[in-house]
Each structure stands twice: as C-alpha cells, then as structure tokens.
Amino acid sequence: MENNIKLSEVVGSGKDGRILKEDILNFLEKQTGAILPPSPKAEMMPPPSPPKPKDKTVPIPISRPPVFTGKDKTEPIKGFQKTMVKTMTAALKIPHFVYCDEVDVTELVKLREELKPVALSRGIKLSFLPFFVKAASLGLLQFPILNASVDEGCQNIIYKASHNIGIAMDTQQGLIVPNVKNVQLCSVFEIATELNRLQKLGAAGQLSTTDVTGGTFTLSNIGSVGGTYAKPVIVPPEVAIGALGSIRALPRFNQKGEVYQAQVMNVSWSADHRIIDGATMSRFCNLWKSYLENPAFMLLDLK
Ligand code: CAO
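Residues numbered from 1 in each chain as written. Predicted model: local features only at pLDDT ≥ 70, side-chain atom pairs only at ≥ 80, totals over all residues. Heavy atoms only, no water.

**Q** Just to check I follow, could you spell out the overall build of the chain for this structure?
**A** Per the secondary structure count, the chain includes eight helices and eleven strands. Buried residues in the chain amount to 37% of all 303 residues. Counting contacts in the chain only where the partners sit at least 6 residues apart, residues at least 24 apart contribute 62% of the total. (Helix = DSSP H or I, 4+ residues; strand = E, 2+ residues; numbered from the N terminus. Buried < 20%, exposed > 50% of the residue type's maximum accessible area, 1.4 Å probe, protein only. Contact = heavy atoms within 4.5 Å.)

**Q** Any chance you could explain the site of the ligand here in plain terms?
**A** Among the 24 residues in the neighbourhood of the ligand, the closest are listed as Arg 112, Ser 127, Asp 170, Asn 221 and Ile 247. Between the ligand and the protein, one listed contact pairs an oxygen atom with a side-chain N or O atom of Lys 125 at 2.9 Å. Gln 199 is positioned such that a nitrogen or oxygen atom in its side chain is 3.4 Å from an oxygen atom of the ligand. Contact with the protein chains hides 81% of the accessible area of the ligand, taken as 970 Å² for the molecule alone. Of all the secondary-structure elements, those providing two or more residues to the shell around the ligand are α3 (106–121) and β5 (169–171). (Near = heavy atom within 4 Å. Polar contact = N/O pair within 3.5 Å; in protein donor to acceptor, adjacent residues only side chain to side chain. Areas by Shrake-Rupley, 256 points an atom, 1.4 Å probe, with all protein chains shown as cover.)

**Q** Just to check I follow, could you spell out the side chain of Asn 179 for this structure?
**A** Counting through the fold element by element, Asn 179 comes out in strand β7 (residues 179–180). Judged by its relative accessible area of 2%, Asn 179 falls in the buried class. Within polar-contact distance, the side chain of Asn 179 engages the side chain of Lys 181 at 2.7 Å. Among the polar contacts listed, one links the side chain of Asn 179 to the backbone oxygen of Thr 213, at a separation of 3.0 Å. Beyond its immediate chain neighbours, meaning those up to four positions away, Asn 179 contacts Asn 164, Ile 165, Gly 166, Leu 198, Asp 211, Val 212, Thr 213, Gly 214 and Gly 215.

**Q** Honestly, the packing of helix α4 (residues 129–142) against helix α7 (residues 278–293) in this entry has me stumped. Any pointers?
**A** Packed helices, taken two at a time, are described by their axes: the angle between them and the distance between them. At a closest axis distance of 9 Å, the pairing of α4 and α7 adopts a crossing angle of 140°. Taken together, α4 and α7 sit at an angle that is classed as oblique. In this structure, α4 meets α7 at a crossing whose hand is right-handed. Taking contact as the criterion, the partners of Phe 131, Phe 132, Ala 135, Ala 136, Leu 138, Gly 139, Leu 140 and Gln 142 in α4 are, on α7, Phe 284, Leu 287, Trp 288, Tyr 291 and Leu 292. For the contact of α4 with α7, the per-class residue count stands at eleven nonpolar, two polar and no charged. (Axes fitted to C-alpha atoms, helices over the stretch in contact; angles between N-to-C directions. Parallel < 35°, antiparallel > 145°, perpendicular 65-115°, else oblique. Left-handed = near helix turned anticlockwise from the far one by under 90°. Nonpolar A, V, L, I, M, F, W, Y, C, P; charged D, E, K, R; others polar.)

**Q** Explain helix α1 (residues 21–31) here, please?
**A** Spacing of three or four residues puts side chains on the same side of an α-helix, whose turn is 3.6 residues. Those residues of α1 that sit buried are Asp 23, Phe 27 and Glu 29. Buried residues along α1 cover an arc of 160° about the axis, so they all sit on one side. (Arc of directions from axis to C-beta.)

**Q** Got a minute to help me understand the pairing of strand β9 (residues 240–244) in this structure?
**A** Looking down a regular strand, the side chains alternate between one sheet face and the other. With five of five residues buried, β9 lies mostly within the body of the structure. Because side chains alternate across β9, one face comprises the buried residues Ala 240, Gly 242 and Leu 244, and the other comprises Ile 241 and Ala 243, equally buried.

**Q** What's the story with the packing of aromatic side chains in this structure? I'm lost.
**A** The description of two aromatic rings rests on the distance between their centres and on the angle between their planes. The tally for this structure, following the rule as stated, stands at seven aromatic pairs. Taken together, a centroid distance of 6.3 Å and an interplanar angle of 20° make the contact between Phe 128 and Phe 132 stacked. Measuring from centroid to centroid gives 6.2 Å for Phe 143 and Phe 284, while their planes differ by 85°, and the two rings are edge-to-face. One end of the pair, Phe 143, is in the loop between α4 and β2 (148–150); the other, Phe 284, is in helix α7, with 141 residues separating them in the sequence. The structure contains a cluster of three or more aromatic residues connected by ring pairs, namely Phe 128, Phe 132, Phe 143, Phe 217, Trp 269, Phe 284 and Trp 288. The residue whose ring lies beneath Arg 122 is Phe 189, and the NZ or CZ to ring-centre distance is 4.5 Å. (Phe/Tyr/Trp six-rings, centres within 6.5 Å; stacked < 30°, edge-to-face > 60°. Lys NZ or Arg CZ within 6 Å of the ring centre and 35° of its normal.)

**Q** When you look at the pattern of salt bridges in this model, what are you seeing that I'm missing?
**A** Note on pairing: side chains with opposite charge can pair once their charged atoms come close. Counted according to the given criterion, the structure contains eight salt bridges. Residue Glu 107 is joined to Lys 110 by a salt bridge in which the shortest nitrogen-to-oxygen separation is 3.1 Å. Separated by three residues within a single helix, Glu 107 and Lys 110 lie in helix α3, roughly one turn from each other. Classification of Glu 107 by relative accessible area gives partly exposed; the value is 39%. In this structure, Asp 211 and Arg 197 form a salt bridge, with 2.7 Å as the shortest nitrogen-oxygen distance. Here Asp 211 is found in helix α6 (residues 209–212), whereas its partner Arg 197 is found in helix α5 (residues 188–203), with 14 residues between them in sequence. (Salt bridge = Lys/Arg side-chain N within 4 Å of Asp/Glu carboxyl O.)

Here it is, written out as structure tokens:
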C-alpha cells in the first residue's frame, strides 16, 4: 500500500507462493532500475562460518554482500536503523574513553571444546560468549560502578543490582541488543540457554520488548564476524561496553620464556569517563581476563 504495489504483479517465493517482504523489496528494486540479485539472507542461506580458533590452515571464507548496480536510490531510515540513529546520537553525548588489552584464551578454548558436546547433548549450542558474559558479571560484582547509569544532568549514579548483560547481535533486520537478565544468578549453561533463545528470536525478528530493554552492561562479540579491535559505543543509559575481537592462534611466551602457540583475543572497553576512570576499567579488565585465562578460577566464585 505504501508503494502502490499491486500484489497480483508480485511473484511470491514463500510457502505456497506466499509473498514475502523480500519479494516486495526485490519488486521495488526492479521498478527503480537497480536490480539486486537475491541476497543470501533473503534466500535463507546459512551464514558463512566464521573463523574457528582451531582451523589454522583453513582460509577465512569471505562473505559476499549483494551487489548494487544501476541508478542511485533513496530509502527512508526506519525500523531498527531508526533506533540505531536515536541510540547512537544519544551515545555521542557521553565522553567515552577506550581501554584495550589482549586475553590468552588457550585454556578456555580447550575447556569449551570439552563442554561443547555436553551442552549439545542437552540441546544447547555452547559458544565462548556465555563464559565472557559470566566472567563480566563476576567482575561487575566487584566493580558495580560499571553496572550503573547516571541520571539526567549527571547528578546521581544509580547502581543496578541486576546484571542484565546486553549482547550486540547482527540480525537480518540490523543491529539489535537483547540482554540476558540477572546474569549474577545464572550458571554458564543457563546463560548459554538464554543466548540460544535470544539468538533464535533475533534471527526470526521476534525479540520481545522485555528482551531488548533493561540492559545494564553490554558485550559486542564482533570477533565472531572478524576483526581484532573495535571502539564500541556505549548503549545509553549504560556506562560501559566491551568489544571482543577474533580469537587467533599466535606465538606467545610462557613463564619459562618458551614460545608456545596461544589462542589470543583482544578486548576493547569503552566507558563513560564522567564517572569511570581508566584505572577502574583496567582493574575490572584484569579480573575479567583472569577468569578467562584460568577458567578454573571461575569455579571458586560461582554460586
Ligand atoms: N573468535 C573466534 N571464534 C568465535 C568468536 C571469536 N571472538 N566468537 C564466536 N566464535 C565462534 C563460535 O565459538 C562458533 O564456533 P563453533 O561453531 O565452533 O561453536 C562460531 O564462531 C559461531 O558463533 P556464533 O556467532 O553462532 O555464536 P556467538 O555466541 O559467539 O555469537 C552473536 C552470537 C549473536 C553475538 C553473533 O552471532 C553476532 O551477531 N556477532 C556480531 C556482533 C556485532 O555485530 N557487533 C558489532 C556491534 S556494533 O555495530
């Protein structure tokens, strides 16, 4: 109706010839002369596998975005993109500082390899994220200023009791940040279960308002797509966010000065410098890192 399209002229590619959103978009593209081949997402192709830490000799698959040719086109900013405009414009008002470090996740890679089939036998996919999330929550217990917000005019700090950890998700609709509620009360497996649920709903564009609101701290695992460092942008009214790079096999020295093959991941934290100083972020990162470099340490603090 918005574009005066006669549905009888559109070929539906859905079940029983149903017309999908993609069909309408393709129809519009053809009308404006810019013919786009169907994108892999529109065809529901599985995404290319991201690099795995173990596969050192396997070349990294390069994803091919749809090719844009023909005439210039203008499209309105709406939906998730509009939310991104609002959130990021508000975020720009926060004086950010960025702190980066590298984490040796060799032990964590081994541990996940061991636990992955166990989780799978319970119907759950176990990625690295549940460990990153739980370690962050254990750190937040000791650094509550990072799980806080400031009120309008920056007069008061509100320390949040719940660790509702947001996860940046790349979905067909765009970037969305659902959060895992009360991570401080959850086991690693429970976090994985909740992440599986959120990922499934995110992929289907069916996340609820509850899922995407009330976040108190965010992690962005851009490393599952690629990259080493990123400068993450705080999601207001939160005050801190971490971006995780790809886990890579790299040479490092052990305590005896011998070179070994380490699994290394970089992390970049952005924080609101009005209420958080660099030393606090550094101490938090040291603690978070210690849990991931020695996953057994987590056991001591798990409830
Ligand atoms: N380095 C290397 N491998 C990684 C990795 C990393 N940092 N993170 C995940 N992987 C691996 C996983 O372990 C998994 O491997 P297996 O198949 O062996 O289990 C594989 O990559 C796929 O993981 P996944 O993406 O399905 O799951 P996840 O829990 O790691 O991540 C999600 C989920 C939703 C965070 C991710 O899919 C995503 O959307 N990432 C992009 C986030 C983003 O766009 N951030 C930028 C925000 S600012 O615009």
